[in-house]
Amino acid sequence: MNPAPAPAPAPAQPGPRRATPSDTERPAKRFERGSRPARTASRGGAPRSGARPGSATRRIQRILRRPTSNPTRTSHAADYYPEPAGPTTVRIIPLGGVEEVGRNMVAVEVGATGDIIVFDAGFQFVSEEASPGVDYILPNTKYLEKNADRVKGVVITHGHLDHIGGIPFILPRFGTPPIYTQNLTSVMIARRQEEYPDVPKSEMVVVEVGQTVTIGSTRVKFFPVTHSIPDSMGASVETPQGNVVISGDLKLDHDGDTPSEREFKTWGDIGKDKNIFLVADSTNAEKDGFSIPEARVIQTLEDIVKTVSGRLIIGTFASQFERMIHIMEVAEKYHKKILLVGRSIKTNLEIAEKTGLLKINKSTFIPEQELSDYPPDKIVILSTGAQGEEFGGLMRLSTGQNKHITLTSRDTIVLSSSVIPGNEISVQKLKDNLYRHDVTLIHYRSSDVHSTGHGNTGELVWINKQVHPTFFMPGYGYRSMTTCHAKAVEQSGFPRENIILADNGTVIDIEDGVKLNVHKQKVPSSPMVVDGFTIGDIQEVVIRDRQSLAKDGMFVIIASVNLKTGKLRKSPDIISRGFVYLRESQDLLNEGRLLIKKTIEDSTHGMNPIDLDYVKNNVTDVMAGFLFQRTNKAPMVIPVLIGM
């Protein structure tokens, strides 16, 4: 196996992030001003008992309520930008998605034409614990920005947010190139673009599987793949040295361990070409064998819809179009009414109607207000929130926040999704809340009510053998996933030295179709983020400060210093946020004031002129030690000294 060489030290990245596969549901966050809720600090207590803050204190309080600094970096001296690929070289650069699940983006550069073709432009959701205040994490596009004149197009393999979510944020950064994708995905992208009316939009080129188009001067062939959303596709980039195959997210349609005839034909046709490089999905590579066929899930859900005696509530991903549509068709077949709960399900229903996927009588759907007009056994509720999202439809039902739907012991709830890594606690909380209503709960561990959209290793090895590329790079997954994928392919007989375990930013050159050259340096790969109105590099020190504030709060000291004598003009004011409740900590407060006064006056003794920065550093060090000793907490200590 040929792992990517260790690069020069890169800027620190935020801590572990919750994994979020392609079908995670979460409302899109708007980029326009005023759309983001203001962050307000919790009130930890008065500045000091019985005292009214002075004008300086009020000014500092206003400053502290302003949004946090922008997490952008200004220095890029160490960035690596290789020369364009030579005429007999094909270059592959994963810019995101090979160290995480999400923010997928791969650039393919054809040396013979000079064209760069980008595959996917996703984002990754991030937990508040890991990166407080950050909305989304994006692929780093600096290499593409540097070569924007050579980026001829962006191919989007399917419509999940980890493949389309970054489009409005990052495509304008490298020239807003045209987007090539299938019909359903184009409608989903257009609908999402409505959230960002002021952002430049790319030309949309709708393609079909089986079609070959010329992007720039390079021919790209599209082929169908099986995934959890319709209109999913892979792509094969034709070069004089051989083809580069990009799988996109995929699994196999199969019966037992035997792929269907359609899969044999699709992958057999791809395998007829000379394929020099394959990038393939690794999301489910830690599981052996073959995944559960979607047909079994559909049959299980149909049996449940048919036989359940009370009201049926099904929680699923809104992006599971085929499953969601089949549930609706079965409900209509058995003369049941359908109620939709959750914005994303309603939005995707409109998209399904617009693209011709959904053909159900509108009278089958009812609003929440008419729920009581029908007997419970004639109701099927489709809801978002199966991952335990705080504001998802199921969580609101479980906590009694839906004013039209009250759970009862006659209800049957199906969680038609697996637990996304990182969501275990929130899903457990959801299940506990649901069981408080004495409902019947069915989930993927107790019944075949969910099948992954990503192939297990048995499927992935089969695909690799059909394509039989010269070189192979596992993509789309954490390092544990890509490593398991690589080992499974190696054990199947693939040459170890032709497998590349890449990091984001790794530059892989295939020379003359037969020689592998992995660059020692990486192109810029540190995550870019959407942070309020800002899009840019993540600034590690900003995130560290936010984590510190979230953990132990802040302790602000405001003191007026006589610049002639170095004495305090009055007792210092103290503001606490998220640290201790000052009204119940008067002893700590009084000791702190005395220590602050002593530290300032000792520091200024004999100093002429008085250096307030030096004094502030002393106050910070002394008070940080004092507060930790007294409370075992390490709040951010911010001294504000005003010379008068």
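Above this text you will find the structure in question.
Below you will find a few notes about this structure. These figures come from a predicted structure and were not determined experimentally.

Helix and strand counts for the chain come out as 16 helices and 28 strands. Relative to its full complement of 644 residues, the chain shows a buried share of 58%.

Grouped burial of nonpolar side chains is what soluble globular proteins tend to show. Core analysis: the biggest nonpolar cluster contains 65 residues, and L144 and M328 have the highest contact counts within it. Per element, the largest residue contribution to this core is seven residues, and it comes from helix α8 (residues 321-333). Contacts of L144, omitting those with residues within four sequence positions, involve L95, M105, A107, I116, V118, V151 and F174. One finds I92, V110, A235 and F277 within the second-largest nonpolar core, a separate group that totals 32 residues.

What follows is about the packing of helix α15 (residues 586-604) against helix α16 (residues 612-631). Think of two packed helices as two axes; the pair is described by the angle between the axes and how far apart they sit. At a closest axis distance of 10 Å, the pairing of α15 and α16 adopts a crossing angle of 150 degrees. Taken together, α15 and α16 sit at an angle that is classed as roughly antiparallel. Pair α15 / α16 crosses with right-handed handedness. For the pair α15 and α16, contact is made by L588, E591, G592, L595, I596, T599, I600, S603 and T604 and by Y614, V615, N618, V619, V622, M623, F626, L627, R630 and T631, respectively. Of the residues contributing to the contact of α15 with α16, the split by class is 11 nonpolar, six polar and two charged.

Right, let's talk about the pattern of salt bridges for a bit. All told, the structure shown has 25 salt bridges when counted by the stated rule. For E238, the salt bridge identified is with R219, shortest N-O distance 3.0 Å. Within this pair, whereas E238 is found in strand β11 (residues 233-239), its partner R219 is found in strand β10 (residues 218-224), the two being separated by 19 residues in sequence. In this structure, D573 engages K570 in a salt bridge whose closest nitrogen and oxygen atoms are separated by 4.0 Å. On the accessibility criterion, D573 (3% relative accessible area) is buried.

This paragraph deals with the pairing of strand β6 (residues 151-155). The element β6 is largely enclosed, with a buried count of four among its five residues. For strand β3 (residues 115-119) and β6, the ladder comprises four bridges, and the chain directions are parallel. Within β6, the residue paired with V118 across the bridge is V154. Sheet topology note: the β6/strand β7 (residues 179-181) ladder contains two bridges and is parallel. Along β7, the bridge assignment pairs V155 with Y180.

The next subject is the sheet that holds strand β12 (residues 242-246). Sheet architecture is open: six strands sit in the order β9-β10-β11-β12-β15-β21, paired in mixed fashion. Every interior strand has two partners, whereas the edge strands, β9 (212-215) and β21 (471-475), have only one. Going across the sheet, the axis of each strand differs from the next one's by a mean of 20 degrees, ignoring polarity. With five bridges connecting them, β10 and β11 associate as antiparallel partners. Looking at the pairing, P224 lines up with M233 of β11. Sheet contacts for helix α6 (residues 261-271): β10, β12 and β15 (275-281); angle to β10, the most-contacted strand, approximately 160 degrees. The strands that helix α13 (residues 479-491) touches are β15 and β21; relative to β21, the one it contacts most, it runs at about 145 degrees.

The next thing to look at is the sheet that holds strand β28 (residues 636-643). Hydrogen bonds between backbone atoms are what pair the strands of a sheet, whose relative direction is either parallel or antiparallel. The mixed open sheet is built from three strands, whose spatial order is β27-β26-β28. Across the chains shown, the open sheet's two edge strands, defined by having one partner strand only, are β27 (573-577) and β28. Looking at each pair of strands side by side, their axes are set apart by 15 degrees on average, direction ignored. The pairing of strand β26 (residues 554-561) with β28 spans eight bridges and is classified as parallel. Within the sheet, the bridge partner assigned to M554 lies in β28 and is M636. In this fold α16 packs onto β26 and β28, with an angle of close to 145 degrees to the strand it touches most, β28.

Attention now moves to the environment of S560. Considering the arrangement of structural elements, one finds S560 in strand β26. A relative accessible area of 13% places S560 in the buried class. A sequence separation of 82 residues divides S560 from I642, and the C-alpha atoms of the two residues are 4.7 Å apart. Setting aside its immediate chain neighbours within four residues, S560 contacts K567, L568, R569, I642 and M644.

Tracing the backbone through its elements, the reader meets L549 in helix α14 (residues 540-552). With a relative accessible area of 32%, L549 lands in the partly exposed category. Separated by 87 residues in the primary sequence, L549 and M636 have C-alpha atoms spaced 6.5 Å apart. For L549, the contacting residues outside a window of four places in its chain are M554 and M636.

The residue after N608, namely P609, is reached through a cis peptide bond having omega 0 degrees. Here P609 shows up in the loop between α15 and α16. Its identity is not glycine, yet R103 carries a phi of approximately 40 degrees, on the positive side. Topologically, R103 is positioned in the loop between β1 (89-96) and β2 (105-110). One non-glycine residue, H468, adopts positive backbone phi at about 35 degrees. Tracing the backbone through its elements, the reader meets H468 in the loop between α12 (457-467) and β21.

Moving on: the side chain of S416. Position of S416 among the secondary structure elements: in the loop between β19 (412-415) and α11 (424-435). Given a relative accessible area of 0%, S416 falls into the buried group. At a separation of 3.0 Å, a polar atom in the side chain of S416 contacts the side chain of R323. If sequence neighbours within four positions are ignored, S416 has contacts with L301, I314, G315, T316, R323, V449 and H450.

Let's shift gears to the packing of α6 against α12. The interhelical angle for the contact between α6 and α12, taken along N-to-C directions, is 45 degrees, at an axis separation of 7 Å. Taken together, the axes of α6 and α12 are oblique relative to one another. Across from E263, F264, W267, G268, I270 and G271 in α6, the residues of α12 making contact are W462, I463, Q466 and V467. Across the contact of α6 with α12, the residue classes tally to six nonpolar, three polar and one charged.

What follows is about α15. Counted at 1.5 Å a residue, the expected span for α15 with its 19 residues is 27 Å, and the 27 Å between its end C-alpha atoms agrees. Listed as buried for α15 are L588, L589, G592, R593, I596, T599, I600, E601, S603 and T604. Buried residues along α15 sit in contact with β26, β27, α16 and β28. Count one or two residues on from α15 and you reach G606, which has phi positive near 75 degrees.

Calculation notes
Residues numbered from 1 in each chain as written. Predicted model: local features only at pLDDT ≥ 70, side-chain atom pairs only at ≥ 80, totals over all residues. Heavy atoms only, no water. Helix = DSSP H or I, 4+ residues; strand = E, 2+ residues; numbered from the N terminus. Buried < 20%, exposed > 50% of the residue type's maximum accessible area, 1.4 Å probe, protein only. Core = buried A, V, L, I, M, F, W, Y, C linked by side-chain atoms within 4.5 Å. Contact = heavy atoms within 4.5 Å. Axes fitted to C-alpha atoms, helices over the stretch in contact; angles between N-to-C directions. Parallel < 35°, antiparallel > 145°, perpendicular 65-115°, else oblique. Left-handed = near helix turned anticlockwise from the far one by under 90°. Nonpolar A, V, L, I, M, F, W, Y, C, P; charged D, E, K, R; others polar. Salt bridge = Lys/Arg side-chain N within 4 Å of Asp/Glu carboxyl O. Pairing = 2+ DSSP bridges. Polar contact = N/O pair within 3.5 Å; in protein donor to acceptor, adjacent residues only side chain to side chain. Expected span 1.5 Å × (residues − 1).

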